[in-house]
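As a plain string of letters, each chain reads:
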Amino acid sequence: MVSHNPNLDPYVARAIIDHITKHEAPITYVQLADIVGQLRGDPITHRSFGPCLDRMHFTCNDLELPTISFMVVRNDGSLNPIVTEFYRHIHPETVDVDEIELIREVQQACLDCKNWQKLLDYYSTTDSEVTH
């Protein structure tokens, strides 16, 4: 079941940020589901994140942060094509950029970002509210 519940967003943000900070690599949907389930104390399916990641796409854009949804990949390491389509809709200047290059650039920007606290603050999460 897909979750349209925005209350999931702080957990997803925390899980992605913690993972990319620690591992300097994307996180799979399955890994994300495991971590978010642990954080919430309630299991969640790896198919639950579409609406949440869509919202984060806009939130990151509004906060002038890299698009963190580029850091959530399938088990084979590929990015869901809707992520780049959505990105190009918000950033029409990237329409002619090669897809592989676009993914590489945005993922590197996410790994290089030192201001993820802005996103956590947006969701009003602190280490004491949402922790591992």
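Here, the structure is the one placed above.
Since the structure is predicted, the reported quantities are computational estimates derived from the model, not experimental observations. (Residues numbered from 1 in each chain as written. Predicted model: local features only at pLDDT ≥ 70, side-chain atom pairs only at ≥ 80, totals over all residues. Heavy atoms only, no water.)

## Some details on the packing of helix α1 (residues 9-23) against helix α3 (residues 50-62)
Short version of the rule: Helix axes are fitted only over the stretch in contact, all axes being lines through C-alpha atoms; the angle between N-to-C directions runs from 0 to 180 degrees. Numbered from the N terminus, helices here are DSSP runs of H or I no shorter than four residues, and strands are runs of E no shorter than two. The labels follow the angle: roughly parallel below 35 degrees, roughly antiparallel above 145, roughly perpendicular from 65 to 115, and oblique for the rest. Between two residues, a contact is recorded if the distance between any of their heavy atoms is within 4.5 Å.
Following both chains from N to C, one finds α1 and α3 inclined at 75 degrees, their axes separated by 10 Å at the closest point. Put simply, α1 runs roughly perpendicular to α3. Every residue of α3 that contacts α1 at D9, V12, A13 and I16 is listed here: C52, L53, R55 and M56.

## What to know about the layout of surface pockets
Spelled out, the test is: Think of a 1 Å grid over just the protein atoms. A cavity is a set of points where a 1.4 Å probe fits yet cannot get out, a pocket is an open set with protein on both sides within 12 Å along at least five of seven lines, and lining residues have an atom within 4 Å of a point. Grid points are joined across faces, edges and corners, and a volume is the space filled by probe spheres set on the points. Charged residues are taken to be Asp, Glu, Lys and Arg, nonpolar residues to be Ala, Val, Leu, Ile, Met, Phe, Trp, Tyr, Cys and Pro, and polar residues to be all remaining types, Gly included.
Volume-wise, the largest pocket comes out at about 250 Å³. Y29, H46, G50, L53 and N80 are, among the 19 residues lining the largest pocket, the residues nearest its centre. When residues of the lining of the largest pocket are traced back to their parent elements, those giving at least two are α2 (29-40), α3 and α4 (81-90). Of all the elements, α3 adds the most residues to the lining of the largest pocket, at 4 residues. The residue makeup of the lining of the largest pocket, split by class, is 8 nonpolar, 8 polar and 3 charged.

## Side note on the packing of aromatic side chains
Rules: The aromatic pairing rule takes the rings of Phe, Tyr and Trp, using the six-membered ring of Trp, and pairs them if the centres are within 6.5 Å, calling planes under 30 degrees apart stacked, those over 60 edge-to-face and the rest tilted. Only protein chains enter the accessibility calculation, which uses a 1.4 Å probe; a residue is then buried when its area is under 20% of its type maximum, exposed when over 50%, and partly exposed in between.
Scanning the model with the defined rule gives 3 aromatic pairs in all. Aromatic pair F70 and Y87: ring centres 5.1 Å apart, planes at 80 degrees, arrangement edge-to-face. Here the residue F70 occupies a position in the loop between α3 and β2 (72-73), and Y87 occupies one in helix α4, the gap between them amounting to 17 residues. The exposure class assigned to F70 is buried, which follows from its relative accessible area of 0%. Seen in terms of ring centroids, Y122 and Y123 are 5.0 Å apart; in terms of plane orientation they differ by 80 degrees. Their pairing is edge-to-face.

## Considering the packing of α4 against helix α5 (residues 99-112)
Where α4 meets α5, the axes come as close as 11 Å, and the angle between the chain directions of the two elements is 85 degrees. As the angle between them shows, α4 and α5 are arranged roughly perpendicular. Judged by residue contacts, T84, Y87 and R88 of α4 engage E99, L102, I103 and V106 from α5.

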